[in-house]
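# Coordinate analysis (summary)
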Amino acid sequence: MESCGEMEIAKNFYETSKDYLSLARIYCYTDQVDKVILVVVVVVVVVVVVVVVVVVVAAAAVGNNFHEFVVGHCLHKNDCRFKLWAILLCYVCHSQ
């Protein structure tokens, strides 16, 4: 469909199949940057939610040892992203 220039059909197909990366590619090709940004933000939010759920489940399953290991490891990294994960994990573990 894309190779034939039928972008609207391709866009509808990718929307139906929830192929967000291909959808972003179509939007880039058709200069719809605002829609590319929206697709990327949605994908990032979904990934973050999945990661948070995995961390919460792992922390609950393994218990305090997991919490201490991850927080200790993250706080020794000189990167604010690791420290953010440590704070998030502390919040989740201590709010239960």
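Reading guide: rules and limits
Residues numbered from 1 in each chain as written. Predicted model: local features only at pLDDT ≥ 70, side-chain atom pairs only at ≥ 80, totals over all residues. Heavy atoms only, no water. Axes fitted to C-alpha atoms, helices over the stretch in contact; angles between N-to-C directions. Helix = DSSP H or I, 4+ residues; strand = E, 2+ residues; numbered from the N terminus. Parallel < 35°, antiparallel > 145°, perpendicular 65-115°, else oblique. Left-handed = near helix turned anticlockwise from the far one by under 90°. Contact = heavy atoms within 4.5 Å. Nonpolar A, V, L, I, M, F, W, Y, C, P; charged D, E, K, R; others polar. Buried < 20%, exposed > 50% of the residue type's maximum accessible area, 1.4 Å probe, protein only. Arc of directions from axis to C-beta. pLDDT = per-residue confidence, 0-100.

## Side note on the packing of helix H1 (residues 7–17) against helix H2 (residues 20–29)
Where H1 meets H2, the closest approach of the two axes is 9 Å, and the angle between their N-to-C directions is 155°. When the axis of H1 is compared with that of H2, the two are roughly antiparallel. The chirality of how H1 crosses H2 is left-handed. Facing Met7, Ala10, Lys11, Tyr14 and Glu15 of H1, the residues of H2 in contact are Ser22, Leu23, Arg25, Ile26, Tyr27 and Tyr29. Residue classes in the contact of H1 with H2 are distributed as seven nonpolar, one polar and three charged.

## Let's talk about H1
Within H1, burial applies to Met7, Ala10, Lys11 and Tyr14. Along the axis of H1, the buried positions cluster into a sector of 100°, meaning they face one direction only. Looking at the buried positions of H1, the neighbouring elements they touch are H2. Positive backbone phi, at 60°, marks Lys18, one or two positions downstream of H1.

## Here's the deal with the confidence of the model for the protein chain
When the pLDDT values of the protein chain are averaged, the result is 76; 58% of them are 70 or greater. Within the protein chain, helix H4 (residues 64–76) has the poorest average pLDDT of any element, 63, and H1 the best, 89.

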